[in-house]
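# Architecture and fold: a report
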Amino acid sequence: MPETVNTTSVAKLTHQEREELLQVTVLMGHTDGLPAGLEAALLGRAVGERFVVEVSGPAFDIGLVQSIPLTELPAGTPLGALLYAADDTGQPRSYRVTKLGDHIAELDANPEDAGQQRHFEVEVLTVRAATPEELAHRHVHGEGGHRH
Ligand SMILES: [Zn+2]
């Protein structure tokens, strides 16, 4: 029986989205660096297994799109630029410039993957049980993890 991923495994895997191939070593339950949805898809997978995960980004919120006079943008701001500003409640937010008109700019505070389907090709390279120390620290030790 090949080792399979369970809730206390340390798994080394690659995940590829379009041309971007990344290799990571993760402790299940503490996979902050993984794209959302990949952790759940890893459970029960065996070493050497390859599979595809489709992940929906957060819902697109039209309320996060606003138009402002062009004069409120820093001069020369290009289309697609990311701006940082506080929102109505004082929370810092990033805004993407999604339209530049003659007098009006449109800013979108939705995450870039809002309303989009993402497609990851995943391969499980190795799986092992986490050590008690790793579980206590909530991160991976050794190769691909913390060295301390
Ligand atoms: Zn540690």
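Refer to the structure presented above.
Residues numbered from 1 in each chain as written. Predicted model: local features only at pLDDT ≥ 70, side-chain atom pairs only at ≥ 80, totals over all residues.

Attention now moves to the overall build of the protein. Regarding its fold elements, the protein presents two helices and eight strands. Along the chain direction, N to C, the helices and strands of the protein fall in the order β-β-α-β-β-β-β-β-β-α. A compact globule built from 148 residues would reach a C-alpha radius of gyration of about 15 Å, whereas the protein, at 20 Å, exceeds it by more than 25%. Over its C-alpha atoms, taken along the principal directions, the protein stretches across nearly 65 × 30 × 25 Å. Expressed as a percentage of its 148 residues, the buried residues of the protein come to 12%. Within the protein, counting contacts between residues at least 6 apart in sequence, those at least 24 apart form 64% of the total. (Helix = DSSP H or I, 4+ residues; strand = E, 2+ residues; numbered from the N terminus. Rg over C-alpha atoms; globule rule 2.2 N^0.38 Å. Buried ≥ 20, exposed ≤ 12 C-beta atoms within 10 Å, placed from the backbone. Contact = placed C-beta atoms within 7 Å.)

Quick look at the environment of Val5 now. Following the sequence through the fold, Val5 ends up in the segment before β1 (9-17). Val5 gets classed as buried once you count the C-beta atoms within 10 Å, which come to 22. Placed 95 residues apart in sequence, Val5 and Leu100 show a C-alpha to C-alpha distance of 48 Å. Among residues more than four places away in sequence, those in contact with Val5 are Ala11, Met28, Leu42, Leu43, Gly44, Arg45, Val124 and Val127.

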